[in-house]
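Descriptive analysis of the structure
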Number of protein chains: 6
Amino acid sequence: MPLFDKPLPDLREYRPERHEPADFDRFWQETLAKASTDPLDPSFVPYDSGLSTVDVWDVRFTGFGGHRIAGWFLAPRDPAGPLPTVVHFLGYQGGRNWPIDWLVYPAAGYAVLVMDTRGQGTETADPDPGANPQVPGFLTRGLVDRDTYYYRRVFTDAVRAVDAARSHPIADPARIVVAGGSQGGGITQAVAGLRTDLAAALIDVPFLTHFRRAVEMVGETGYGEIAGYLARRRVPPEEVFGVLDYFDGVNFAARATAPARYSVALMDAVCPPSTVFAAYNHYLGPAEIDVWPFNGHEGGAQVQRMRHLRWLADTL
Amino acid sequence: MPLFDKPLPDLREYRPERHEPADFDRFWQETLAKASTDPLDPSFVPYDSGLSTVDVWDVRFTGFGGHRIAGWFLAPRDPAGPLPTVVHFLGYQGGRNWPIDWLVYPAAGYAVLVMDTRGQGTETADPDPGANPQVPGFLTRGLVDRDTYYYRRVFTDAVRAVDAARSHPIADPARIVVAGGSQGGGITQAVAGLRTDLAAALIDVPFLTHFRRAVEMVGETGYGEIAGYLARRRVPPEEVFGVLDYFDGVNFAARATAPARYSVALMDAVCPPSTVFAAYNHYLGPAEIDVWPFNGHEGGAQVQRMRHLRWLADTL
Amino acid sequence: MPLFDKPLPDLREYRPERHEPADFDRFWQETLAKASTDPLDPSFVPYDSGLSTVDVWDVRFTGFGGHRIAGWFLAPRDPAGPLPTVVHFLGYQGGRNWPIDWLVYPAAGYAVLVMDTRGQGTETADPDPGANPQVPGFLTRGLVDRDTYYYRRVFTDAVRAVDAARSHPIADPARIVVAGGSQGGGITQAVAGLRTDLAAALIDVPFLTHFRRAVEMVGETGYGEIAGYLARRRVPPEEVFGVLDYFDGVNFAARATAPARYSVALMDAVCPPSTVFAAYNHYLGPAEIDVWPFNGHEGGAQVQRMRHLRWLADTL
Amino acid sequence: MPLFDKPLPDLREYRPERHEPADFDRFWQETLAKASTDPLDPSFVPYDSGLSTVDVWDVRFTGFGGHRIAGWFLAPRDPAGPLPTVVHFLGYQGGRNWPIDWLVYPAAGYAVLVMDTRGQGTETADPDPGANPQVPGFLTRGLVDRDTYYYRRVFTDAVRAVDAARSHPIADPARIVVAGGSQGGGITQAVAGLRTDLAAALIDVPFLTHFRRAVEMVGETGYGEIAGYLARRRVPPEEVFGVLDYFDGVNFAARATAPARYSVALMDAVCPPSTVFAAYNHYLGPAEIDVWPFNGHEGGAQVQRMRHLRWLADTL
Amino acid sequence: MPLFDKPLPDLREYRPERHEPADFDRFWQETLAKASTDPLDPSFVPYDSGLSTVDVWDVRFTGFGGHRIAGWFLAPRDPAGPLPTVVHFLGYQGGRNWPIDWLVYPAAGYAVLVMDTRGQGTETADPDPGANPQVPGFLTRGLVDRDTYYYRRVFTDAVRAVDAARSHPIADPARIVVAGGSQGGGITQAVAGLRTDLAAALIDVPFLTHFRRAVEMVGETGYGEIAGYLARRRVPPEEVFGVLDYFDGVNFAARATAPARYSVALMDAVCPPSTVFAAYNHYLGPAEIDVWPFNGHEGGAQVQRMRHLRWLADTL
Amino acid sequence: MPLFDKPLPDLREYRPERHEPADFDRFWQETLAKASTDPLDPSFVPYDSGLSTVDVWDVRFTGFGGHRIAGWFLAPRDPAGPLPTVVHFLGYQGGRNWPIDWLVYPAAGYAVLVMDTRGQGTETADPDPGANPQVPGFLTRGLVDRDTYYYRRVFTDAVRAVDAARSHPIADPARIVVAGGSQGGGITQAVAGLRTDLAAALIDVPFLTHFRRAVEMVGETGYGEIAGYLARRRVPPEEVFGVLDYFDGVNFAARATAPARYSVALMDAVCPPSTVFAAYNHYLGPAEIDVWPFNGHEGGAQVQRMRHLRWLADTL
């Protein structure tokens, strides 16, 4: 993939006007308030996956709409006291998979709660009362109204996943970290913008960010679903973008206060670098960014994760 | 596409054992009986699409689960009396589109009701209480149980679409024809197997037929969603095929009595010819088949449709 | 497909210098004058395709070089009087196909003549005395001289197709409309620039327009044939572009006076939007344009056609 | 490319029934007799391409229908006497290109005449009175009748190319060799079947051979054009194959008497090995074959050509 | 990917003749004996990757030719006594990557040594004195002689990796397990056939097995490099296969005695199931196999690994 | 391929700053001086490839590191005196192939030495003491240090290939020409910059030139290997580009004094035109350039070669 977006010096200065609905905050306050009327009812069932130095629980908690959301909770066996705890959100079309996929944090002395993204993966349903016809994928599910849009449900699940993590006795509630890459990075941004009690946010190559530019730059996967939706329905684009504004990572970043570590890749054609810098440059709290000049959407991969471990050790 | 399936003489004799659940008939009786407790409540709202020799109605009726199903109803303006009426079902991922897409039957003197396939297209929702995580597409939606499987809802909608068509004063209830290609051909087969009041069935390159063989032959589109589902979930295949047996076109064909006209294409890698002949050779009523030796999934296309017009003129 | 051409505000102003040969008008006058020495000899043979509310004729008329050109003529049965009549030109590599493909205009109360594009489709030959070796396709057929170029023959056929339509007793000669998309849009532009007796022109995502820019922007299909020709022959490009100037839609648009309705799609990589706006912005008569911001070469598709029906109702 | 055709031992025995029209010989006699009424009128114009040890002539001669066919004639400068001369036919979609492409034979002491394939390349026109609409390519040009089929013209050109070569004073008429690969191999087979005065034939991975099987085995390029033609026109296949029988390499091989050297590649998906062996096993004269077990359509390439030089040295 | 190999019942019986060189055992005895003259000189340098419950060492040891081979050694911190230890070999074109990639075994209470595959990854060089020109990849590196073939070096490294693992004080030498998938499965098979002191072998979808059939079945990746080599060099195939026989997993399996757990996927087009069963059915020691009917080369993935943990708990 | 680089007028002026290491000249002096301590030891063994007007020798000479480099030497038989001689370098992943591939120069009265590129082709090994893990291909072989980089060896071989050519009695040492396209063009540039005794240089679409820009413009083949290397290793890019600066065609062009003929293609996505003009515009000696506006990486192909013959006739 050749370079295709703005040059790096321009990216570092790229801070576009945000399209923020006037009632953005009220929409999310009401959404979360309504969700909080359902008891969280977290459940942690021990799970035997053959491990002996890590404890594993099969998690369920109540997310948006009273729906039960699956996850895993892992922690090193016999910890000395409450542990800093990472709430990890997943990339697009992935699922929580298996406990053996999530061993990095326990091996580093953290607990981790991995939240299933509803409808994706294999475990967590997304009961969708609207059930509008969609472009295959999730970006256009419910995209007829801010109230029915898929990511309203997901972001609410994610905000409550933090509560679920805090409810586990091993978790130290003062040291909750949110983290994720791609879609997981987009969810992390949203949670960081909607909660004020987080110790840190790890945001890698975030998706769901600066939709208006992304939809014009990305033809195929991910953002391309929205162009496909507009192409087929031929509704006024503002009807669609006006909904997406309530879910745009740029608007969440502008509210987030937890210390953040971003990463971006300059040859990333899935989440173009200008869309990442748009959010990073609006981030309200302290933030730094790792730039991968010759990588695509894989970004910093495992090297990034090792940097995260070091940075968390310094930050928490 | 080269030839890849059995030679034509073998296809003509190919009549595999059917996998038929013992309670197949009871399952469908109960399904349709339950649906019939919701009033059909057909609605025909005149629609102005700029035509002057064809009347168009925007249709809604109640299908499975009390859900409203969209459609179009078209008829030549000022007919001399009740008209033979075609109920047309759609190919995969299509939708009812626009009235100007469905002018052939009115131009030939028939009324036509085009039924939206729920969740596909742009108009008809598929409220899905189970909402299991799925392979993108529809073949694995609800594929955890015969009761929640997507095509239980679709086939029920389709059976009731015939009632909706019969309820229109222009339709001659003694001359209702069901028709469709690919997914629409699979739906047509199902309706032909579930109703006894049909005057004819037009079944082109049907999908949803002989699943057990099809899933092993087709890698990518359509049937490939099921292999993808099995690949990811790793459940015992019989759990999945045991559900699909209730929806297999081969089992519906073995019950259908209306005169039928099939078509099949020998280079069709989407709905392989052996799967079509499997149903055709089990068809209970009188049936004939057009074989297109050098075509793919497009089959006979418009030439097939003109043959249909002639055949209907002879048959009805 | 991401956006790849100029931004919309620039497109709306894009009105490039035209490369117009000094004897452009004379070339076409002489071409058409010569063709008119062959009698048009239109033939309308009733054709039974199983329709009952639409009359169909299998058409032949004499186009360029005395060659017989095929077409279909359709009209609603038993019209009250002479009908407004659309002469419809076809997209690249298509053919007149079957009468049941052309039912929209008769259903809306118009007659329609669909002209085969010589050499394309299956019916109409293109006797080509030069028969120069070509890049597969039609864009380089005869591209050694303006006199032998393929589109000289096609555009002449098209001008005469209007005469053929006018010769049918059902057609109202005061209300002849020319229409087409892609290659058909390019042909429509040419006819609109060469005739003064047209009631309207419907020009969708036109091909054969602003060749000099298009050949540098489009790598593969369509315009790419010309680059392929230049790549292999290595003649001075001006030898080729100097011929194409006689056939460029921009030059026809600058002469056309009939009221026109254009359409353009901003993600159209086959006929890039700047090439369409180049012609639209040079159009001499009254014109308006529909812009499809998230569509590719399909443009407005059926929605565009319904807009056409409404616009024609207002315009004629 | 994996192995996909019959195993080698079966290929060595594969000698299918031939479909030979009763008047095959008369058709070709009459075709060639008619062509011979046009004077050959060979022209050899010295051509300066900057070479100093090879003489080059730009060739024209009259082929089928009085059309002038281009070629190159090369010979080592200052030969001691008349030279054995190769008439070389070209692969599909190629052209005679430039003299510097054809230096192997002169460097080995032979003269060579390279014949342009009409319509292909850049120099030789194919005036086509029928000019039927075609699938892009040449395999369906004129494929409505044996008299109008493209390869009737090409094979006639090729038979006369031998006469043209013999007419050059440098050529030794007793030592004329015909040669070519792929399409050129198919043409070579035809000439070998139609002339009795040839000293040898070099036939590599021949195309245009055993059409009935090839069309069912090859989806895309080459033979796939015929399936595409049948798919679109939907004529009875026998109408098409009945024409092709007059041009099938299997039928020419069964008549050819010159000593022949074939080659075949077992992973050749363009000209499948069974189609090559079908001709080889029917070859009437003495023949041997080189088998390339792990090659595709490139066959033996330059190694094959060096074998040819050695074999010709032994054979002539 | 559709099914393309033999049916499962036939696969279960597929036990082809092996091509075993007469001096197979002597070749490997001499190879390993020669290697053992270089001191193993294992080095375990503690490595800080930010983990706190797992100890990590950066490993080097001397493999074939005195070359230093890199690896990681991981073990749970503060083990109660010597641990069963897995020696893990890697898939094609992978490398040892980072310690955080290899946490499953330590989390389950095992130590693990991950061996870099020389030349692949980023750390371990493959000094190659022959340095013959190759098809890109590793399958044809040194494929001119059994002594210079790449996998002679790799398999020797792998045999000595077991010694390196045994040399670590945490490792229990009576409980050494070898494991790997794809190329790693092929290496595991080789080590299992060359050592008699192993407690178990985990062999997933093994590569480098039944070359003679694989090369004819697989066109592109992996095995296709060998066909590419034969296609270009045109040496007698037996020269190549005669070398490969010394490295064929089928011949190692016939010597291996450690209890083995295989896995195979029926839609695996990279390592076709018949090649896996060929080895499995020749395996000398006790063996069982997991069959994944709808998976490709990913085989059982994480589910397979969890089965491994349970099976090892039972077996060791 | 559409135009994608700068417009031609800008290209003609494009003369970027060069990144030239301070010790560039010393590095190459020392490299060549060291190589010259190995005797060249050229060997010319007559080779019978069946030609009769051209003499062929199988060549070996000592290149970098004492390694023997293969080649062919061809000359017209019985020349009148010493001949001007071309030393020809090869494109990427090619090899010297067979004598019959290199007949153009002998046919034009020149001798030619064709040098194998070590490791590429089938004959010449590249003993690589470093043997670092690489991206498949050659661009990252040894790319850890200027001393181990692959092209240090290749360029040294090439400089000495000129000496080998001069050592043949047929060669006129005052008329040695260096020539090549793509990789061969890059090698030619290097030799032209490192020797002062050349009569001319023919440089077509050169590779290995202006690396810093090329790596950002080319995603896949060729230059893309370097981006792939940076993506996986994540070393500071300057570590890599700092090595490449010693091998950049731009720096060699700035030293070269022989009369040069360049060519460039404006749609060349493998060696983008701006990278070619960067070198051309820095060329120190007299130079001219052929621009192919509608060609890709094939550039001027055979037409370019004929221009070369004419230009050489004028220049030498």
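Everything here concerns the structure above.
Attention here is on the structure that accompanies the text. Keep in mind the model is a prediction, meaning the values are calculated, not measured.

**Details of the overall build of chain A**
When helices and strands are tallied, chain A shows 11 helices and nine strands. For 316 residues, the compact-globule formula gives about 20 Å, and the C-alpha radius of gyration of chain A, at 19 Å, lands near that figure. Here the C-alpha coordinates of chain A stretch approximately 55 × 45 × 35 Å along the principal axes. Burial status across chain A gives 65% buried among its 316 residues. Expressed as a percentage of contacts within chain A between residues at least 6 apart in sequence, the contacts between residues at least 24 apart total 73%. The average position of the 29 basic charges and that of the 38 acidic charges among the side chains of chain A differ by 1 Å.

**Notes on the interface of chain E and chain A**
With 21 residues of chain E at the interface, the matching set in chain A holds 21 residues. In total, about 1,800 Å² of surface goes out of reach between chain E and chain A, with carbon and sulfur atoms giving 69% of it. Contact with chain A buries area across many residues of chain E, yet I100(E), A107(E) and M306(E) alone supply 30% of it, more than any other trio. Linking chain E to chain A there are 10 residue pairs in polar contact (both at pLDDT 80 or more).

**A word on the sheet that holds strand β5 (residues 111-115) of chain A**
Residue and element names in this part refer to chain A. Taking strand neighbours across the sheet as the criterion, the nine strands line up as β1-β2-β3-β5-β4-β6-β7-β8-β9 in an open arrangement whose pairing is mixed. Single-partner strands in this sheet number two, and they are β1 (43-46) and β9 (287-292). Direction aside, the axes of adjacent strands within the sheet are offset by 20° on average. Sheet topology note: the β1/strand β2 (residues 54-62) ladder contains four bridges and is antiparallel.

**Some details on helix α5 (residues 183-194) of chain C**
Along an α-helix, residues three or four positions apart point the same way, because every turn accommodates 3.6 residues. All names here are of chain C. When the terminal C-alpha atoms of α5 are compared, their 17 Å separation across 12 residues agrees well with the 16 Å that a helix rising 1.5 Å per residue should span. With 11 of its 12 residues buried, α5 lies for the most part within the structure. Among all positions of α5, only Q183, G184, G185, G186, I187, T188, Q189, A190, V191, A192 and G193 are buried.

**Here we look at unusual backbone geometry**
With a phi angle near 70°, Q93(D) is a residue other than glycine that sits in the positive phi range. Here Q93(D) is to be found in the loop between β4 (83-89) and α3 (104-107). Given a relative accessible area of 28%, Q93(D) falls into the partly exposed group. In the Ramachandran plot, D78(F) falls in the positive-phi region, its phi being about 55° despite a non-glycine side chain. Within the element layout of this structure, D78(F) appears in the loop between β3 (68-76) and β4 (83-89). D78(F) gets classed as exposed once you look at its relative accessible area, which sits at 68%.

**Details of the interface of chain F and chain C**
Between chain F and chain C, the contact holds 13 residues from the first and 12 residues from the second. In this assembly, chain F packs against chain C so that about 870 Å² is buried in total across both faces, 63% of it on carbon and sulfur atoms. It is P2(F), L3(F) and F294(F) that lose the most area in chain F upon contact with chain C, and together they represent 56% of the buried surface on that side. For the pair chain F and chain C, the number of links is zero salt bridges. Put simply, chain F and chain C have four residue pairs in polar contact (both at pLDDT 80 or more) between them.

**Describing the pairing of strand β7 (residues 200-204) of chain F**
Residue and element names in this part refer to chain F. Burial analysis of β7 places five of its five residues in the buried class, the great majority of the element. Side chains of β7 alternate between two faces, with A200, L202 and D204 and A201 and I203 buried alike. Here strand β6 (residues 171-181) runs beside β7; their pairing, made up of five bridges, is parallel. Directly across from V177, in β7, lies its bridge partner A200. Once you follow β6 into helix α5 (residues 183-194) and on to β7, the crossover reads as right-handed. With four bridges joining them, β7 and strand β8 (residues 260-265) adopt parallel strand pairing. Across the sheet, the residue bridging to D204 is S263, located in β8.

Quick notes on the rules
Residues numbered from 1 in each chain as written. Chains lettered and ligands numbered in written order. Predicted model: local features only at pLDDT ≥ 70, side-chain atom pairs only at ≥ 80, totals over all residues. Heavy atoms only, no water. Helix = DSSP H or I, 4+ residues; strand = E, 2+ residues; numbered from the N terminus. Rg over C-alpha atoms; globule rule 2.2 N^0.38 Å. Buried < 20%, exposed > 50% of the residue type's maximum accessible area, 1.4 Å probe, protein only. Contact = heavy atoms within 4.5 Å. Lys, Arg positive; Asp, Glu negative; His and termini not counted. Charge placed at Lys NZ, Arg CZ, Asp CG, Glu CD. Buried area = accessible area lost by both parts, 1.4 Å probe. Polar contact = N/O pair within 3.5 Å; in protein donor to acceptor, adjacent residues only side chain to side chain. Pairing = 2+ DSSP bridges. Axes fitted to C-alpha atoms, helices over the stretch in contact; angles between N-to-C directions. Expected span 1.5 Å × (residues − 1). Salt bridge = Lys/Arg side-chain N within 4 Å of Asp/Glu carboxyl O. Right-handed = clockwise from strand over helix to strand, strands pointing away.

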